[in-house]
Amino acid sequence: MLAHCLMRMLRQFDLDSEAMSTCEKARAEVTSIVSSDRLSSLPPEIKGEILSCLNVEEAVRTSTLSSTWRDAWTDMPVISLCDGNLTRTKFVTLVDMVLLLHKGTIEEFEISGNKNYHDEFGRWMIMLSRRSPKSVIIKLNSGPRYKIPSCLFCIGDLEYLHLENCIISLPRAFQGFKSLTDLTLKIFSSTDKDIQNLISFCPALTDLILDSFEGIKRLNIKAPKLDYLYAEGDFEDIKLDAPNLEVAFLSLDKAYQSVPIAHDKESYVKQSLGSLSVIETLRINGFFLKYLSKGCIHTKLPAVFTHLESVCLMICLWDQRQVLTACSLFQNAPNLKKLEVSSFPWSILGQGEDQVGIQGLNLQLQMDHLVMASVNHFGGLDFEVDFVAKLLSWAPALEELKIDWKGEKDCSMVLAKLLALPRASTRAKVIVTF
């Protein structure tokens, strides 16, 4: 059965252009030695590529096929280990055997599991670091966070790194990952200095994901080649220096640090977004807009976001400072085409807040290129209707405004008011979904 599976995989493998030329050489070798066993005559690197299509447990079982396949799995360039239905003891034995007996080059290594492997983790990382893989993915999500040992930060050729449920503490001798392009850290803790150095010492970094982190108060990201950023966590301050960033998702988990500071002349919009001169897509979630609104709000920023075409905001529409901050962003994005606004649910923050809204604000904006807009979690409250009215008056090219109704009050009067609002665009359709 396993041999039949390998033959089927080999036929598929032959379709690849690079593998084709290698397989042709293998056939020539088979012919020269007058062998009838095509599988057994394959070069070790081809066997390793084939076995990489199997999980490691299945690949190891191929050692029983014949003497020529006994050690074939030790040349697999891609190693993927998952405890799945294995007992903890069997999985530990499997990982130890693979890391100890593997003889070839490990290009990609992935390990995932839902059991506790803290006693073995350090040993595994030492053995792995000696193989110098280019891609490492670690998803061990059971128990306390795993402290990443210093040996992992010494893999000089690393290009892709994905870590979950971990503690990031850089060794003093850390020289950086000069070839790393993709960095993903999830459910982790670190310090301001360590995370700043980890990012800044990766000069080739293009994709960065920081998701659900603790211990970082000031997130300082300096990455000249970064073009994708996802940052969501519990931080107090953020500074971005990423002039080539094209897509950004920024979310703040808590609002306690976002109280407006009296006589604060700092522009948090400028500090966070001022360097993003080529940004194309911006998503602001959680309490991040409240953070941006706590300082000085400038109507004009040093940088104009001429490439920014899509914006998604979570906003408290009864908070004038947040509305002014959003309008400052709109004013500096002259080519904005798509806008998605999520009104903070009243049940979450409505009580105890100053419900001022924007009715009394004299805001004159021109959103000449806005074509599609949507307002989610719409409760039918007056300040939400006022915002929709402003939006319709600012967008002469608007084609469609979708409103996702989540209100508890009678919607008939609110709907009549919405449909009667004047529109700068004669083509604008107001669509309400329930």
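Residues numbered from 1 in each chain as written. Predicted model: local features only at pLDDT ≥ 70, side-chain atom pairs only at ≥ 80, totals over all residues. Heavy atoms only, no water.

Visitor: Help me get a handle on the pairing of strand β11 (residues 247–252), residues and values and all.
Guide: Extensive coverage of β11 is indicated by the burial of five of its six residues. Pairing of strand β9 (residues 228–233) with β11, which is carried by six bridges, proceeds in the parallel orientation. Counted as the bridge partner of G233 is L252 from β11. When β11 meets strand β12 (residues 281–286), the two strands line up parallel, connected through six bridges. (Buried < 20%, exposed > 50% of the residue type's maximum accessible area, 1.4 Å probe, protein only. Helix = DSSP H or I, 4+ residues; strand = E, 2+ residues; numbered from the N terminus. Pairing = 2+ DSSP bridges.)

Visitor: Could you give an account of the confidence of the model for the chain, naming the residues involved and the relevant values?
Guide: Low-pLDDT stretches of the model should not have their predicted coordinates read in fine detail. With 75% of its residues at a pLDDT of at least 70, the chain reaches an overall mean of 83. Taken together, the stretch residues 1–20 has pLDDT below 50 and engages in 31 contacts with residues farther than four places along the chain or on a different chain. Overall, residues 257–263 carries pLDDT values under 50, and its contacts beyond four positions in sequence, including any with other chains, amount to 14 contacts. (pLDDT = per-residue confidence, 0-100. Contact = heavy atoms within 4.5 Å.)

Visitor: Hey, could you go over empty space enclosed by the protein for me, with residue numbers and the actual values?
Guide: Inspection of the entire model under this criterion finds two cavities of 30 Å³ or more. In terms of lining, the second largest cavity is formed by F330, A333, P334, L336, Q366, M367, D368 and H369. Within the lining of the second largest cavity, the residues separate by chemical class into five nonpolar, two polar and one charged. (1 Å grid on protein atoms, 1.4 Å probe; cavity = no way out; pocket = protein on both sides within 12 Å on 5 of 7 lines; lining within 4 Å. Points joined across faces, edges and corners; volume = space filled by probe spheres on them. Nonpolar A, V, L, I, M, F, W, Y, C, P; charged D, E, K, R; others polar.)

Visitor: Could you give me a rundown of helix α12 (residues 382–394), with the residues and numbers involved?
Guide: An α-helix turns once every 3.6 residues. As a result, residues three or four positions apart point the same way. An ideal rise of 1.5 Å per residue puts 18 Å on 13 residues; α12 measures up with 19 Å between its terminal C-alpha atoms. In terms of burial, α12 is largely enclosed, as ten of its 13 residues are buried. (Expected span 1.5 Å × (residues − 1).)

Visitor: Explain the pairing of β9 to me, using residue names and the numbers behind them.
Guide: Taken together, the five bridges between strand β7 (residues 207–214) and β9 define a ladder with parallel strand orientation. Counterpart to D211 in the pairing with β9 is E232.

Visitor: Go over the packing of aromatic side chains with me, naming the residues and quoting the values.
Guide: With the rule as written, the count across this model stands at 18 aromatic pairs. Plain terms: the ring middles of F213 and F235 are 6.0 Å apart, the flat faces sit at 15° to each other, and that makes the pair stacked. Of this pair, F213 sits in strand β7 while F235 sits in the loop between β9 and β10 (237–241), and the two are 22 residues apart along the sequence. On the basis of relative accessible area, F213 is assigned to the buried category, the value being 2%. When the centroid spacing of 4.4 Å and the interplanar angle of 5° are considered together, the rings of Y230 and F249 count as stacked. On the criterion of sequence distance, the pair formed by Y230 in strand β9 and F249 in strand β11 is long-range, its members being 19 residues apart. Owing to a relative accessible area of 18%, Y230 belongs among the buried residues under this scheme. The structure contains a cluster of three or more aromatic residues connected by ring pairs, namely F188, F213, F235, Y268, F288 and Y291. (Phe/Tyr/Trp six-rings, centres within 6.5 Å; stacked < 30°, edge-to-face > 60°.)

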